[in-house]
Amino acid sequence: MRLEDILFSQGFGTRRVCAGLIQQGHVQVQGQTVVDAGEFFDLEGLRFKVQGDDWPFAAQAYVMLNKPAGTECSQKPSTWPSIYTLLPPPLRQRPQKAAVQGVQAVGRLDQDTTGLLLLTDDGNFIHKMSSPKHHVPKVYEVTTKHPITAEMVEKLLSGVVLDDDPKPVKAAACEAMAELHLKLTLTEGKYHQVKRMLAAVGNRVEGLHRSRIGGLELNDLAPGQWRWLTEEDLSLLKP
Ligand code: URA
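Residues numbered from 1 in each chain as written. Predicted model: local features only at pLDDT ≥ 70, side-chain atom pairs only at ≥ 80, totals over all residues. Heavy atoms only, no water.

(A) Inspection of unusual backbone geometry at higher detail. Here His135, not a glycine, exhibits a phi torsion of approximately 50°, which is positive. Within the secondary structure, His135 is located in the loop between helix H4 (123-130) and strand S8 (138-144). One non-glycine residue, Asn219, lies in positive phi territory at about 50°. In this structure, Asn219 sits in the loop between strand S14 (216-217) and strand S15 (226-228). (Helix = DSSP H or I, 4+ residues; strand = E, 2+ residues; numbered from the N terminus.)

(B) The arrangement of the sheet that holds strand S3 (residues 47-50) in detail. With respect to topology, four strands assemble into an open sheet ordered S2-S1-S3-S4, the strand pairing being antiparallel. Unpaired on one side and paired on the other, strand S2 (32-33) and strand S4 (53-56) mark the two borders of the sheet. Two strands pair when backbone bridges link them, and strand S1 (residues 27-29) and S3 are joined in this way by three bridges, in the antiparallel orientation. Within S3, the residue paired with Val27 across the bridge is Val50. (Pairing = 2+ DSSP bridges.)

(C) Examining the site of the ligand more closely. The local shell around the ligand consists of Leu109, Asp110, Thr113, Tyr140, His192, Gln193, Val194, Lys195 and Leu208. Contacts to the ligand include Thr113, whose side-chain N or O atom sits 2.8 Å from an oxygen atom. Here a nitrogen atom of the ligand sits 3.1 Å away from a polar atom, N or O, in the main chain of Val194. Against a free-state accessible area of 240 Å², the protein chains account for coverage of 95% of the ligand. The element that contributes the greatest number of residues to the shell around the ligand is helix H6 (residues 193-200), accounting for three residues. Looking at side-chain class alone, the shell around the ligand contains four nonpolar, three polar and two charged residues. (Near = heavy atom within 4 Å. Polar contact = N/O pair within 3.5 Å; in protein donor to acceptor, adjacent residues only side chain to side chain. Areas by Shrake-Rupley, 256 points an atom, 1.4 Å probe, with all protein chains shown as cover. Nonpolar A, V, L, I, M, F, W, Y, C, P; charged D, E, K, R; others polar.)

(D) The nonpolar core, seen in detail. Within the largest apolar cluster, 51 residues are counted, with the highest numbers of intra-cluster contacts made by Leu7 and Leu184. Counting residues per element, this core draws most heavily on helix H2 (residues 15-23), which supplies four residues. Leave out the neighbours within four places in its chain, and Leu7 touches Phe12, Cys18, Leu21, Ile22, Val27, Phe48 and Val50. (Core = buried A, V, L, I, M, F, W, Y, C linked by side-chain atoms within 4.5 Å. Buried < 20%, exposed > 50% of the residue type's maximum accessible area, 1.4 Å probe, protein only. Contact = heavy atoms within 4.5 Å.)

(E) Representation of the pairing of strand S7 (residues 114-120) within the structure. For S7, the buried fraction is high: seven of the seven residues fall into the buried class. Inspection of the sheet shows strand S5 (residues 62-67) paired to S7 by six bridges, in the antiparallel sense. Bridged to Met64 within S7 is Leu118.

The structure is reproduced here in structure tokens:
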């Protein structure tokens, strides 16, 4: 593919902007500055630098973010800064594919929730990961206001009724880790589900952190940081 088209496909701006970046000597491929916007490169395993930043060529972008507290998962947030401001502009500007322009969050976390959030420009992936049919387990570390009792754990596992739906929702797994710390695994993603489930058993969420989706863990990614998902990471997300 021509270098100008490669940069365009990766979200570096219009073809004209991309050609300008190349012609002004801001783009390096394999350690060499390339000034011919029409030069061809093989996409397989291609990495390039734009203004010093290293980029892999990605036909579709899949990244994970450690969402900090006090951020909204909306592109147009009402009160708090958007999580999208934590990502570099090319990830947000990747050209539109199907209905999706730039990477989009796979589901949402509340403003005060922290932890693992996936973002991609692959609409099918978003659909699959969000579909209740696929039952991808999500693990939440919950800090509660009141001590967690065996009865609460039992109710969360057997099913609680939330206000908008008569069908009970159940935790796939639920373990009290400490007096005020519960580890809860859900396979659906209803609005404020953890908070509403805890309220339904007479407790209250004081802190909420998502540590795992499928087999993919947040590990030591710092709050506010993002990284590309590897092939191995993606295989850990398969239901
Ligand atoms: N459940 C909640 O209540 N909030 C979240 O952010 C995620 C799950």
